[in-house]
Amino acid sequence: MKPGARLAAVIEIYDGWTHTRDDADRVISGYFGTRRYIGGGDRREIGERFYDLIRYQARLGWWLAEAGYENQDGRARMIAALVLKDGRSLDDINDMFNGDQFCPDPLHPAERHLINKLTDQELDHDAQPGAVKTELPKWLYAELLKLHHEHLPAEMAAYNQPAKLDLRVNTLRGNVDSAIRSLEKDGIKGIERATYAPNGLRLPLGLNMLVTAAYKDGLIEIQDEASQICVKLVDAQPGMKILDMCAGGGGKTLGLAADMRGRGRILACDTHGARLDNARKRAKRAGAGDCIQLRSIADERDSWLRNKSGFFDRVLLDVPCSGLGTLRRNPALRWRIGQRDIRALTLQQSKILKAGAARVTKGGRLIYATCSILPEENERLIETFMRDRKDFKAVPIKEIWPDAPASVPVPGGKDKPWLRLSPNMHGTDGFFVAVFERTAKGNKG
């Protein structure tokens, strides 16, 4: 494709996303799904530019307003990004916006004036408000400022960078060294060992793992290092009975099965049967099917689950959440989640936490996890649980994992026993994990 044609595609995708406010991944997949003639290299550049427009959304909008340009559509933002981020000149942009087939229409006078006003400027500017600089809605900026204070710009700068590709080596099929050898045999380069997860690998972006022998043979799974750390903190041992109550696609379930060396019982539940169907396929490929039972449930008060009160040695609750810890991979989330959504999620999280706690046996552990960065979904909810449930005590992360990375402290407060991960501090997705041990047998919930 010509450079101008790629830009036209980005503009079309961006405008489609803003009009529908649908999931960004779904919008771009739908676009390419009806245009299979677009090659892999073109798809990568189009995708990168589309997500860049989302990552620079607030700052591009600020510059357009500063320049007195009323239009804020994909074409205007693309022009602004070419000047502010790529340093392109009027002549460069004019060559691409030339009206040729599949290319954007020629620049009109107002756009030429815009380019001249933005020339020699940079994307960041001292006059930008804090919410604009950090690419956050005002309400979310205010919440995160309470948590990170002066560190917020650095935190959000890390969230605004694309994530690398993380893998978990499945120890039921081999080890880290054998996985590296297999991947290198398939021509994969730039393989690094994960910093914290013992069976983790990190690779450059843009690699297709699905065609590798290591993936087909079940030796590797695609999983962010933060999720791998969460599995480690479950401390699953062979012979245990474990409930993965919000199993989703089964990524953590498979990690638990590997830690148990396939011996014991894992009950993986979810309210979405399609997710469990995917988990079933993954378990078979990973060689973990014998110890995993998959079951679709109606909700956290499912009658079948209620009959399992006090039954499990470990209960993992990777609860439905805002997902704001995955902004490196899903930058559009910040513009789609609102305060009303958070209130609904915390209500659901509280119900799941109560139901999960009832399933833990005396001496067993409850693991609460989210891929959210909001205290409402994490610390505040956990502190309420600790006040209400005297039959559970918090287990310091360092007791489970002595060489754990230092957690990010809550500003203005003392260190807590749970773990908060972030791309700025740890190079992972944003993640929260709290572990509790049941000290007494309680009532059914």
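Source: prediction; values computed, not measured.

*Asks:* Please explain the environment of Ala179 as it appears in this structure.
*Replies:* Position of Ala179 relative to the elements: it lies in helix H11 (residues 176-185). Judged by relative accessible area, which is 0%, Ala179 ranks as buried. Between the C-alpha atoms of Ala179 and Lys146, which are 33 residues apart in sequence, the distance is 43 Å. Setting aside residues up to four positions removed in sequence, Ala179 forms contacts with Val169, Leu201, Leu219 and Ile220.

*Asks:* Just checking my understanding: could you explain the packing of aromatic side chains for this structure?
*Replies:* For any pair of aromatic rings, the description consists of the separation of the ring centres together with the inter-plane angle of the planes. Under the criterion given, the structure shown has eight aromatic pairs. Judged by centre distance (5.6 Å) and plane angle (55°), the ring pair of Phe385 and Phe392 falls under tilted. Aromatic side chains Phe385 and Phe436 sit 5.1 Å apart centroid to centroid with 65° between the ring planes, which places their arrangement in the edge-to-face category. Within this pair, whereas Phe385 is found in helix H19 (residues 379-388), its partner Phe436 is found in strand S12 (residues 431-438), the two being separated by 51 residues in sequence. Summarising the burial analysis for this pair, Phe385 and Phe436 share the class buried. Put simply, the rings of Phe385, Phe392 and Phe436 touch in pairs and so form one group of aromatic residues. Between the NZ or CZ atom of Lys308 and the centre of the ring of Phe311, over which it lies, the distance is 5.2 Å.

*Asks:* Looking at this structure, I do not really get the UniProt feature "active site" (unreviewed entry) in the protein chain. What am I missing?
*Replies:* UniProt tags Cys371 as "active site" (unreviewed entry). Along the chain, Cys371 turns up in the loop between strand S9 (360-370) and H19. Ignoring anything within four residues of it in the chain, the contact list for Cys371 reads Cys321, Gly323, Leu324, Gly325, Thr326, Gly430 and Phe431.

*Asks:* How should I be thinking about the layout of surface pockets in this particular structure?
*Replies:* Roughly 320 Å³ of volume is contained in the second largest pocket. Taken together, 21 residues line the second largest pocket, and the ones lying closest to its centre are Arg59, Lys133, Met156, Ala157 and Asn160. Within the residue set of the lining of the second largest pocket, elements represented by two or more residues are helix H3 (40-55), helix H8 (130-133), helix H9 (138-148) and helix H10 (152-159). Across the lining of the second largest pocket, the residue classes tally to nine nonpolar, five polar and seven charged. Per-domain counts for the lining of the second largest pocket show at least three residues from each of domain 1 (3-128) and domain 2 (132-159).

*Asks:* I'm lost on the side chain of Arg328 in this one. Help?
*Replies:* Positionally, Arg328 belongs in the loop between strand S8 (312-318) and helix H17 (333-336). Judged by relative accessible area, which is 8%, Arg328 ranks as buried. There is a polar contact of 3.3 Å between the side chain of Arg328 and the side chain of Asp224. Apart from residues no more than four positions distant in its own chain, Arg328 is found in contact with Arg55, Ala158, Tyr159, Gln161, Pro162, Ala163, Asp224, Pro423, Gly427, Thr428 and Asp429.

*Asks:* Please explain the packing of H3 against helix H4 (residues 57-66) as it appears in this structure.
*Replies:* Each packed pair of helices is defined by two parameters, the angle between the axes and the distance between the axes. For the pair H3 and H4, the least separation of the axes is 5 Å and the interaxial angle reads 70°. Taken together, the axes of H3 and H4 are roughly perpendicular relative to one another. Of H4, the residues touching H3 (which contributes Leu53, Ile54 and Arg55) are Gln57, Arg59 and Leu60. Each residue belonging to the contact of H3 with H4 can be placed in one class, and the counts come to three nonpolar, one polar and two charged.

*Asks:* Help me out: how do you make sense of the pairing of strand S6 (residues 265-270) in this one?
*Replies:* Counted residue by residue, S6 has five buried out of six residues, so it is predominantly covered. Pairing between strand S5 (residues 241-244) and S6: four bridges, direction parallel. Residue Ile242 lies in a different strand from S6, and its bridge partner there is Ile266. Each parallel crossover has a hand, and for S5 linked through helix H14 (residues 251-259) to S6 it is right-handed. Pairing of S6 with strand S7 (residues 292-296) involves five bridges; the strand directions are parallel. Bridge pairing in S7 places Leu267 opposite Gln293. On the question of chirality, the crossover connecting S6 to the parallel S7 by way of helix H15 (residues 273-286) is right-handed.

*Asks:* Which parts of the structure should I look at to understand the pairing of S8?
*Replies:* For a regular strand, the rule is simple: side chains alternate between the two faces of the sheet. The buried fraction of S8 amounts to six of the seven residues, a majority that puts the element mostly inside the structure. Sheet topology places S5 next to S8; three bridges connect them, and they run parallel. Looking at S8, one finds that Leu243 is bridged to Val315. The pairing of S8 with S9 spans six bridges and is parallel. Across the sheet, Leu317 pairs through a bridge with Tyr368, a residue of S9.

*Asks:* Would you take a moment to explain the nonpolar core for this structure?
*Replies:* Ranked by internal contacts, the top residues of the largest apolar core, which has 44 residues, are Trp17, Phe50, Leu60, Met78, Phe97 and Leu118. At eight residues, the largest contribution of residues to this core is made by helix H5 (residues 74-84). If we skip the residues at most four places from it in the chain, Phe97 touches Leu7, Ile11, Arg75, Ile79, Leu82, Pro104, Asp105, Pro106 and Leu107.

Conventions we followed
The residue count restarts for each chain, going from 1 along the sequence in the order it is written. Local features in a predicted model are, by the rule used here, given only for residues with pLDDT of at least 70; side-chain atom pairs are given and counted only at 80 or more, and totals for whole chains, interfaces and linings are based on all residues. The basis for every side-chain value is the complete set of heavy atoms in the structure, and neither hydrogens nor water enter the calculation. Here a helix means four or more residues in a row that DSSP labels H or I, a strand means two or more in a row labelled E, and each is numbered from the N terminus. Burial classes: relative accessible area under 20% of the type maximum marks a residue as buried, over 50% as exposed, and values in between as partly exposed (1.4 Å probe, protein chains only). Between two residues, a contact is recorded if the distance between any of their heavy atoms is within 4.5 Å. Any two of the Phe, Tyr and Trp rings considered here, Trp counted by its six-membered ring, make a pair once their centres fall within 6.5 Å; the pair's planes then place it as stacked at under 30 degrees, edge-to-face at over 60, or tilted in between. Any Lys NZ or Arg CZ that is within 6 Å of a ring centre and within 35 degrees of that ring's normal is treated as a charge sitting over the ring. UniProt positions are given in the numbering used here, feature names are shortened, and annotations may be inferred rather than shown by experiment. Cavities and pockets were defined on a 1 Å grid built over protein atoms only: a cavity is a set of grid points that admits a 1.4 Å probe from which the probe cannot escape, a pocket is an open set flanked by protein on both sides within 12 Å along at least five of seven lines, and lining residues are those with an atom within 4 Å of any such point. Grid points are joined across faces, edges and corners, and a volume is the space filled by probe spheres set on the points. Each residue is assigned to one of three groups, with Ala, Val, Leu, Ile, Met, Phe, Trp, Tyr, Cys and Pro labelled nonpolar, Asp, Glu, Lys and Arg labelled charged, and all others, Gly among them, labelled polar. An automatic or database domain assignment is the source of the domain bounds shown. Side-chain atoms alone can form a polar contact between residues adjacent in sequence; in general such a contact is a pair of N or O atoms within 3.5 Å, and within protein one must be able to donate a hydrogen while the other accepts it. Axes here mean lines fitted to C-alpha atoms, for a helix over just the part in contact, with angles spanning 0 to 180 degrees between N-to-C directions. Any angle that falls under 35 degrees is termed roughly parallel, while one over 145 is termed roughly antiparallel, one within 65 to 115 roughly perpendicular, and all others oblique. Only when DSSP finds a minimum of two bridges between them are two strands counted as paired. Whether a crossover is right-handed comes down to one check: with the strands pointing away from the viewer, does the path from the first strand over the helix to the second run clockwise; if it does, it is right-handed. Residues belong to one nonpolar core when they are buried, are Ala, Val, Leu, Ile, Met, Phe, Trp, Tyr or Cys, and are joined through side-chain atoms within 4.5 Å.

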